[in-house]
Amino acid sequence: MARIDLVLLLLSILTLLPLCAAEIKSLQITSDSRPMILFEKFGFTHTGQIVITVTSVAVSHAQSPAGPGAGPPRLGFFLLSEDSLLQVLLEIQQDSTFCVLDSEHARRLFTFRDLSPPPHSSINFSAPVVSPNEYSIFFTNCYGDTSVTMSVRTELFNLDRDGSRDYLPAGQTQLPALYFAFSLSYFVFLAYWIRTSISNRKSVHQIHFLMAGLLLMKALNLLCAAEDKHYVKVTGTPHGWDVLFYLFQFIRVVLLFTVIVLVGTGWSFLKPFLQEREKKVLMIVIPLQVLANVASIVIGETGPFIRDWVTWNQVFLLVDIVCCCAIIFPIVWSIRSLRETSKTDGKAARNLAKLTLFRQFYIVVIGYLYFTRIVVFALKTIASYKYQWVSNAAEETASLAFYAVMFYMFRPVEKNEYFVLDEEEEQAAEMALRDEEFEL
């Protein structure tokens, strides 16, 4: 059973774990009998350094307590590159009694034999990373009936040319500047949106105020992300910016899904109310987004060393998929409703314009969700650890493009070209509405 858990853990590293923003972390492990605990995953340069401090170590066997140095050195920390993961997996599957500390593919850092004698039972270990690569730091317990209690403090960093420490992985050092540049873009976007709304105040609806709030939250979210990453990069701790980041992220994500649902229903600019089924979509999406943000905080603020970390990742992915599917329904309902209405109200041209608008919006939303969920994940998977920032840049670029297109399509304009049509266009529209090209 322990071997299966070990294999599942290593597979989760390949599929779920991104590069950690390796802020200085102090962790408490209590009576933990897991065969392997992952602490960090970090991209090192040729100036990489590892500092691990372990204190208050206690080892308990199922039969009787034992000192931390008792028995052979089968309790300890090791370093494993992503290239070696599959090799270690193969060794574990071939030999059920295999201990990773004995693998030639893993770099042993220290074992509990190296601890100072009781009652302190501690070690302050530091070492350079000779070969630059992306590594994971593990603790392994090769005894099946042993639990470990200890306090662990980790510092992973690369040295800059001036000798200062950079606590961000090699592929994320560009993120503070990247996020700051995009936050400025959204502030400019917000100023332009406010100017457009003032110029067309007679056409401003309630949805446009929500859209302005969404831009503000997105800009503040990125600004806090930039400050968070900057302080982690320089000092190893976020200095409270992570709290603001999660706060604005929560508001921004809830607002984003709400705006997409409301725009998809045509609320405020096509109709002043929501139907019962549309209200139910919001009642489903908003609580799920609360759950998704809780999962995001647990994932970001703890790490793979907690027992349920993989489960929280799965919860986040499942909830995100459900929400992405749910927000599509109101757009589909609006398109079908417009098709039905066009057959009876005698306003074919107006309905054709609205139908065209909502079909375009449907395509834009699908494209945005596909790119940010599938393409960005593929970029993170295939890109070298030194270029992980490229996937972040691609995601933010796609988000900015999506916001720009959505806001342009539903901007407040007194004379919207979608609704200024003559009689000839009315007749042409009636024929077009009979065409099946508008079917989804």
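Reading the values: the criteria
- Residues numbered from 1 in each chain as written.
- Predicted model: local features only at pLDDT ≥ 70, side-chain atom pairs only at ≥ 80, totals over all residues.
- Heavy atoms only, no water.
- Buried < 20%, exposed > 50% of the residue type's maximum accessible area, 1.4 Å probe, protein only.
- Helix = DSSP H or I, 4+ residues; strand = E, 2+ residues; numbered from the N terminus.
- Pairing = 2+ DSSP bridges.
- pLDDT = per-residue confidence, 0-100.
- Contact = heavy atoms within 4.5 Å.
- Expected span 1.5 Å × (residues − 1).
- Polar contact = N/O pair within 3.5 Å; in protein donor to acceptor, adjacent residues only side chain to side chain.
- Core = buried A, V, L, I, M, F, W, Y, C linked by side-chain atoms within 4.5 Å.
- Axes fitted to C-alpha atoms, helices over the stretch in contact; angles between N-to-C directions.
- Parallel < 35°, antiparallel > 145°, perpendicular 65-115°, else oblique.
- Nonpolar A, V, L, I, M, F, W, Y, C, P; charged D, E, K, R; others polar.

What follows is about the pairing of strand β9 (residues 146-159). Buried residues dominate β9, accounting for 11 of its 14 residues. In this structure, strand β1 (residues 25-32) lies alongside β9, joined through 6 bridges in antiparallel fashion. Within the sheet, the bridge partner assigned to S26 lies in β9 and is R153. For strand β3 (residues 48-61) and β9, the ladder comprises 12 bridges, and the chain directions are antiparallel. Paired with Q49 across the bridge in β9 is F157. Sheet topology note: the β9/strand β10 (residues 165-166) ladder contains 2 bridges and is antiparallel. In the strand pairing of β10, N158 is matched with D166. The hairpin turn running from β9 into β10, its antiparallel successor, is 5 residues long, and G163 in that turn takes a positive phi close to 90°.

Confidence in the prediction of the protein chain, expressed as mean pLDDT, is 83, and 83% of residues score 70 or more. Here residues 416-422 is modelled with pLDDT under 50, and outside its nearest four sequence neighbours on either side it reaches 11 contacts, counting other chains as well. Residue range residues 436-440 is modelled with pLDDT below 50. Its contacts to residues more than four positions away, or to other chains, number 14 contacts.

Let us look at helix α4 (residues 206-235). With 30 residues, α4 ought to run about 44 Å at 1.5 Å a step, and its terminal C-alpha atoms sit 43 Å apart, in line with that. Following α4 by one or two positions, G236 has its phi on the positive side, about 90°.

Right, let's get into the side chain of T265. Locating T265 in the fold gives a position in helix α5 (residues 241-265). Judged by relative accessible area, T265 falls into the buried class, the value being 4%. Within the structure, T265 has its side chain in polar contact with the backbone oxygen of L262 (distance 2.7 Å). Those residues within four positions of T265 in sequence are excluded, and the remaining contacts are K271, L274, E278, P330 and S334.

Let us now look at the nonpolar core. Within soluble globular proteins, side chains that are nonpolar generally end up buried alongside one another. In this structure, F361, V365, Y403, M406 and F407 are the most contacted members of the largest nonpolar core, which totals 62 residues. Breaking this core down by element, the ones donating at least two residues are α3 (175-199), α4, α5, α6 (276-301), α7 (309-326), α8 (328-342), α9 (348-382) and α10 (389-409). Setting aside anything within four residues of it in sequence, one finds V365 in contact with I260, I327, I328, I331 and F402. With 31 residues, the next largest nonpolar core counts L27, I29, F44 and L156 among its residues.

Our next topic: the sheet that holds strand β8 (residues 134-141). Strand order in this open sheet of 4 strands is β2-β8-β5-β6, and the pairing throughout is antiparallel. Either end of the sheet is taken by a strand with one partner, and the two such strands are β2 (36-43) and β6 (107-111). Strand-to-strand twist in this sheet, taken as the mean axis angle between neighbours without regard to direction, amounts to 20°. Bridging between strand β5 (residues 75-81) and β8 involves 7 bridges; their strand directions are antiparallel. Considered in β8, the bridge of F78 is made with F138. The sheet strands contacting helix α2 (residues 82-94) are β2, β5 and β8, and the helix crosses β5 at an angle near 120°.

Further remarks concern the packing of α3 against α10. Direction vectors running N to C along α3 and α10 enclose 5°, while the axes themselves pass 10 Å from each other. The angle between the axes of α3 and α10 places the two elements in the roughly parallel class. Touching L175, L178, Y179, F182, S185, Y186, F189 and W193 of α3 are W389, N392, A393, E396, T397, S399, L400, Y403, A404 and F407, all from α10. When its residues are assigned to classes, the contact of α3 with α10 shows 13 nonpolar, 4 polar and 1 charged.

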